[in-house]
Amino acid sequence: MIVVLNNSEDERNLQRVIKLLNDKGFVTEIVRGTEKTIVGAVGDKSRLIDIPIESLEGVEKVIPILAPYKLASREFKPHDTVVQVGDLYIGSTEIIVMAGPCAVENREQLLESARIVKKSGAKILRGGAFKPRSSPYSFQGLEKKGLEYLALAREITGMPIITEVIDARSLEMALDYADIMQIGARNMQNYSLLQQVAQAGKPIVLKRGISASIEEWILAAEYILKEGNPNVILCERGIRTFETYTRNTLDLSAIPAIKQLTHLPIIVDPSHSTGKWRWVQPMALGAVASGADGLLIEVHPNPAEALCDGPQSLNAETFDKLMQSLAPVSRAVNRELII
Ligand code: PEP
Ligand code: MN
């Protein structure tokens with residue numbers, strides 16, 4: 001860290017700061033300017049947890065050098081994390097597509113969705129049984145019945161399933177069914193839920209919060225890693241900006257940023273980030289070209305009749321087209337799409 005002191009104040013302030021840092025095991029270097037004095041300090045920041053350096057006399061500001069997260073950082077673990085789900089490896093060279101309806105609506109709808117996405121090369125089936133809807137009057141999900149249909153679809157197709165948990169109750173219920181737990185954008189900063197889901201021990205897809213910075217998002221992942229669960233997959237799903245033409249603004253630059261800052265795999269949800277099915281394919285291609293490890297896509301057998309997110313859902317035909325177009329893009333960035 002860098003500590004900036006104002007020279008107009010007592011020299012003893014500087015000596016006090018240096019002594020305190022040295023006593024805590026920090027190596028310090030002093031640069032004296034005409035108006036300010038800068039102290040560069042290298043050491044274990046956790047030893048200063050109860051000492052607010054900023055509030056010491058003469059200290060103008062403290063600039064941290066290292067990120068506030070540790071376990072998620074590249075410095076801590078230089079090699080990419082690969083999350084295993086059955087015989088799939090997320091974060092390896094293979095692009096993994098997770099697809100299915102926004103919400104599980106009934107048995108037929110889910111089984112038909114599963115058939116469609118599997119046929120076109122999706123490897124994991126998505127489907128919400130607990131829906132965190134903006135309006136309390138909207139369809140809230142089939143809950144346990146929905147989980148049972150997902151399990152049935154897994155039995156029939158062999159595809160692992162990913163489903164969202166929204167609280168302790170849904171987590172408890174989903175434990176017996178889900179292969180991957182999804183934490184939605186609205187719950188990214190629900191830290192007690194993150195801890196509970198982490199303790200369940202299953203792989204977790206952690207969506208980026210609606211207005212979360214990259215740093216806040218990584219810190220949310222840090223909560224999970226700190227519980228001893230290393231299987232975190234980040235999911236960029238668009239953020240809220242001044243632009244309202246699209247449902248959200250897909251932050252493609254988050255992909256290389258996450259790859260540089262962390263060792264965690266990152267997938268992209270082009271459905272919630274655009275809100276319009278026509279833009280799902282171009283954004284999916286852009287995501288894979290930008291280094292994403294996979295995609296999370298909403299597919300419905302009949303989007304016009306979907307109970308949730310129909311306008312952004314692909315049908316059998318448009319999903320198949322997307323998958324076909326994804327293969328050459330994957331190859332171009334030295335990735336593999338097995339369809
Ligand atoms: C979803 O994937 O069904 C969902 C609700 O997404 P998000 O949390 O990104 O809004
Ligand atoms: Mn949805």
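Heads up: these notes are all about the structure in this document. (Residues numbered from 1 in each chain as written. Chains lettered and ligands numbered in written order. Predicted model: local features only at pLDDT ≥ 70, side-chain atom pairs only at ≥ 80, totals over all residues. Heavy atoms only, no water.)

Across its full length, the protein chain carries 10 helices and 14 strands. By the burial criterion, 51% of the 339 residues in the protein chain qualify as buried. Of all intrachain contacts in the protein chain linking residues separated by at least 6 positions in sequence, the fraction that spans at least 24 positions is 68%. For the protein chain, the computed accessible surface area is about 15,700 Å², with 53% contributed by carbon and sulfur atoms. Here the protein chain carries 38 positive and 41 negative side-chain charges, and the mean point of each set is 2 Å from the other. (Helix = DSSP H or I, 4+ residues; strand = E, 2+ residues; numbered from the N terminus. Buried < 20%, exposed > 50% of the residue type's maximum accessible area, 1.4 Å probe, protein only. Contact = heavy atoms within 4.5 Å. Areas by Shrake-Rupley, 256 points an atom, 1.4 Å probe, with all protein chains shown as cover. Lys, Arg positive; Asp, Glu negative; His and termini not counted. Charge placed at Lys NZ, Arg CZ, Asp CG, Glu CD.)

A separate point is the site of ligand 1. What surrounds ligand 1 is the set Arg126, Lys131, Glu164, Gln182, Gly184, Ala185, Arg186, Lys207, Arg237, His272 and Glu298. The side chain of Arg237 places a nitrogen or oxygen atom 2.6 Å from an oxygen atom of ligand 1. Here ligand 1, which alone exposes 290 Å², has 97% of that area covered by the protein. The cavity that encloses ligand 1 is the second largest pocket. Counted by class, the shell around ligand 1 contains 1 nonpolar, 3 polar and 7 charged residues. (Near = heavy atom within 4 Å. Polar contact = N/O pair within 3.5 Å; in protein donor to acceptor, adjacent residues only side chain to side chain. 1 Å grid on protein atoms, 1.4 Å probe; cavity = no way out; pocket = protein on both sides within 12 Å on 5 of 7 lines; lining within 4 Å. Sits in = over half its atoms within 2 Å of the grid points. Nonpolar A, V, L, I, M, F, W, Y, C, P; charged D, E, K, R; others polar.)

Time to look at the sheet that holds strand β1 (residues 2-6). Within a sheet, each strand pairs with its neighbour through backbone hydrogen bonds, oriented either parallel or antiparallel. In space, the 4 strands of this open sheet follow the order β2-β3-β1-β4, with antiparallel pairing throughout. The open sheet has two edge strands with one neighbour each: β2 (27-32) and β4 (59-63). Averaged over all pairs of adjacent strands, the angle between their axes in this sheet comes to 20°, without regard to strand direction. Pairing of β2 with strand β3 (residues 36-42) involves 6 bridges; the strand directions are antiparallel. Looking across to β3, one finds that Thr28 is bridged to Ala41. Along the sheet, helix α1 (residues 11-23) contacts β1, β2, β3 and β4; its crossing angle with β2, the most-contacted strand, is approximately 160°. (Pairing = 2+ DSSP bridges. Axes fitted to C-alpha atoms, helices over the stretch in contact; angles between N-to-C directions.)

Mapping Ser120 onto the fold places it in the loop between α2 (107-119) and β8 (124-126). Looking at Ser120, the relative accessible area reads 6%, which means it is buried. Sequence-distant contacts of Ser120, defined by excluding residues within four places in its chain, comprise Ala316, Phe319, Asp320, Met323 and Ile339.

Turning next to the state of the cysteines. Taken as a whole and judged by the stated rule, the model has 0 disulfides. Of the cysteine sulfurs around Cys235, a residue in no disulfide, the closest is that of Cys102, at 13 Å. (Disulfide = S-S within 2.5 Å.)

Put simply, helix α6 (residues 214-226) and helix α7 (residues 254-261) touch, their axes get as near as 11 Å, and they point 50° apart. Considering their axes alone, α6 and α7 lie oblique with respect to each other. The interaxial crossing formed by α6 with α7 has right-handed handedness. Between α6 and α7, the residues in contact are Ile214, Trp217 and Ile218 and Ala254, Ala257, Ile258 and Leu261, respectively. Within the contact of α6 with α7, the residues separate by chemical class into 7 nonpolar, no polar and no charged. (Parallel < 35°, antiparallel > 145°, perpendicular 65-115°, else oblique. Left-handed = near helix turned anticlockwise from the far one by under 90°.)

Before going further, it helps to spend a moment on the nonpolar core. As a rule of thumb, soluble globular proteins bury nonpolar side chains together. Ranked by internal contacts, the top residues of the largest apolar core, which has 68 residues, are Val97, Leu125, Leu206, Leu234, Leu295, Ile297 and Phe319. No other element matches the 7 residues that α6 contributes to this core. Contacts of Leu295, omitting those with residues within four sequence positions, involve Ile96, Val97, Met98, Ile267, Val268, Pro270, Ala284, Ala287, Val288 and Leu326. (Core = buried A, V, L, I, M, F, W, Y, C linked by side-chain atoms within 4.5 Å.)

Right, let's talk about the coordination of the manganese ion (ligand 2) for a bit. Six octahedral donors at a metal ideally form angles of 90 or 180 degrees, and four tetrahedral donors ideally form angles of 109.5 degrees. Distances from the manganese ion (ligand 2) to its protein donors, Cys102 (SG), His272 (NE2), Glu298 (OE) and Asp309 (OD), fall at 2.0 to 2.4 Å. For Cys102, a relative accessible area of 2% gives the class buried. (Donors = N, O, S within 2.8 Å, 3.2 Å for Na, K, Ca; no water.)

Listed in full, the buried residues belonging to α7 are Ala254, Ile255 and Ile258. Buried residues of α7 fall within an arc of 100° about the axis and therefore sit on the same side. Packing partners of the buried residues in α7 comprise α6, β12 (232-236), β13 (266-268) and α9 (280-289). (Arc of directions from axis to C-beta.)

This paragraph deals with the layout of surface pockets. The computed volume of the largest pocket comes to approximately 560 Å³. Around the largest pocket, the lining is made up of 20 residues, and of these Lys45, Ser46, Leu66, Ala67 and Lys70 lie nearest the centre. Roughly 250 Å³ of volume is contained in the second largest pocket. Around the second largest pocket, the lining is made up of 20 residues, and of these Pro132, Arg186, Arg247, His272 and Asp309 lie nearest the centre. For the lining of the second largest pocket, the per-class residue count stands at 4 nonpolar, 6 polar and 10 charged. (Points joined across faces, edges and corners; volume = space filled by probe spheres on them.)

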